[in-house]
Amino acid sequence: MELMIGDKLKKLRLSRDLTQEELATHLGISYQAISKWERGDGYPDITMLPALARYFEVSVDELIGMDEISSAGRLDEINRKWQENREKGNHAENVDLMRNALKSYPNNALLLIQLSASLERLDGSEKEKREYLKESIMIHRQILRYCDDSQIRGAALFNICDAYYRYGDYEKALEYADKLPNLYKTRETALVRILKEDDKKKEIAKSAIEPLAWLISYHLTAISETEKDARYKEKITKILDILFDGNESDFILGIRKKASD
């Protein structure tokens, strides 16, 4: 269990407009200790916790972030169950799971994304499916109003674009498509450029290869279908051979199979 005392301590200190040196003086310890705790490089000795809690007039549980830890544990369990249901195709169960979870976490963007994904996979009449799409669109608009997490916003933009397209509102689909970044302006591209640590740079670069393979496959397939030229699909297989040299994940094997169909 990861304690959250560093973040809590910093928030409490700043709420009283104290520097690390001033807090350290009040507690009779070094400011380097405060700095270390706030960076998350260590925790206070257990005997120090009551003094810190008394000073800030909070409980020890609040000081170490027990509410947040408990909440994170509940969310992990909800997300684990959602993934399990998804793999089994239990999308109706996931809709109920997410609706109940959102009663406790009404603005949790990940839960909202998962609810919309489950709604769009529900079976039903064409009219019912349009209603599910309509609700999914509303959910994504809610996410885009309040969420500032760039990855979740990016997913929401892409998903709402696709949902509007399938709903038949092509103008709205184009409007949201134009808000998405182009292929060059990605998180991975920026990080590979600016990271100084070779290990991290290599890790990010490797993590981008599979998505790039999918993108190449996706666009070459589109060209193949619009130009009625199967040679573009043959290029996908050749590119996969070069990139992965037989060391392929299930995801890449799926891309290869689709290209050969």
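Preceding this paragraph is the structure being described.
What counts and what doesn't
For every chain, the first residue of its written sequence is number 1, and the numbers climb from 1 along that sequence. Given that the model is predicted, a residue must reach a pLDDT of at least 70 before its local features are reported, and side-chain atom pairs must reach 80 or more before they are shown or counted; all residues, however, enter totals for whole chains, interfaces and linings. Excluding hydrogens and water, the side-chain figures rest on all heavy atoms present in the structure. Whenever a pair of cysteine sulfur atoms sits within 2.5 Å, that pair is classed as a disulfide. In this description, a line fitted to the C-alpha atoms serves as the axis of each element, helices being fitted only across the stretch in contact, and the angle between N-to-C directions of two axes falls anywhere from 0 to 180 degrees. Under the scheme used here, helices are H or I runs from DSSP no shorter than 4 residues and strands are E runs no shorter than 2 residues, and both carry numbers assigned from the N terminus. What sets the label is the angle itself: under 35 degrees gives roughly parallel, over 145 gives roughly antiparallel, 65 to 115 gives roughly perpendicular, and the rest give oblique. Crossings are classed by handedness, with left-handed meaning an anticlockwise turn of the near helix from the far one by less than a right angle and right-handed meaning a clockwise turn. Any two residues having at least one pair of non-hydrogen atoms within 4.5 Å are treated as being in contact. Gly is put with the polar residues, along with every residue not named as nonpolar or charged; the nonpolar set is Ala, Val, Leu, Ile, Met, Phe, Trp, Tyr, Cys and Pro, and the charged set is Asp, Glu, Lys and Arg. We call a residue buried when its accessible area falls under 20% of the maximum for its residue type, exposed when it is over 50%, and partly exposed in between, using a 1.4 Å probe and counting protein chains only. Within this analysis, the arc is defined by the directions that extend from the helix axis to the C-beta atoms. Patch definition: residues above 30% relative accessible area lacking any salt bridge, with like charges linked at up to 9 Å and the nonpolar side chains Val, Leu, Ile, Met, Phe, Trp and Tyr linked at up to 5 Å. To measure how exposed things are, a 1.4 Å probe is used in the Shrake-Rupley method; for residues, cover is taken only from the protein chains shown. By convention in these notes, a salt bridge is any Lys or Arg side-chain nitrogen within 4 Å of a carboxyl oxygen on Asp or Glu.

Draft legend 1. Just the state of the cysteines, in detail. This structure, assessed with the given rule, holds 0 disulfides. In this structure C147 is a free cysteine whose sulfur lies 18 Å from that of C161, the closest cysteine sulfur available.

Draft legend 2. The arrangement of the packing of helix α9 (residues 126-146) against helix α10 (residues 150-167) in detail. Where α9 meets α10, the closest approach of the two axes is 9 Å, and the angle between their N-to-C directions is 150°. In terms of axis orientation, α9 runs roughly antiparallel to α10. Like other packed secondary-structure pairs, α9 and α10 cross with a definite hand, here left-handed. Side by side, α9 and α10 meet where R130, L133, K134, I137, H140, R141, I143 and L144 of the first sit next to I152, R153, A156, L157, N159, I160, A163, Y164, R166 and Y167 of the second. Class assignment for the residues of the contact of α9 with α10 results in 11 nonpolar, 2 polar and 5 charged.

Draft legend 3. Quick peek at helix α2 (residues 20-27). Listed as buried for α2 are Q20, L23, A24 and L27. What you see down the axis of α2 is that its buried residues fit within an arc of 100°, all on one side. Exposed and oriented more than 90 degrees from the buried face of α2 are T25 and H26. Looking at the buried side of α2, the elements it contacts are α1 (5-15), α3 (31-39) and α4 (49-56).

Draft legend 4. Highlighting a nonpolar patch on the surface. A cluster of nonpolar residues, I209, L212 and L243, forms a patch on the protein surface that exposes about 220 Å² of accessible area. Positionally, L243 belongs in helix α14 (residues 231-244). For L243, a relative accessible area of 38% puts it in the partly exposed group.

Draft legend 5. Main features of the pattern of salt bridges. This model, assessed by the stated rule, comprises 17 salt bridges. A salt bridge links R166 to D162, with the shortest nitrogen-to-oxygen separation between them at 3.0 Å. Pair noted here: R166 and D162 are both in helix α10, with a separation of 4 residues, about one helical turn. Taking the relative accessible area as the measure of exposure, R166 reaches 38% and is therefore partly exposed. Its relative accessible area of 33% is what places D162 among the partly exposed residues. Here R256 and E248 are joined by a salt bridge, their closest N and O atoms 2.4 Å apart. Of the two residues, R256 and E248, neither departs from the other in class, the shared state being buried.

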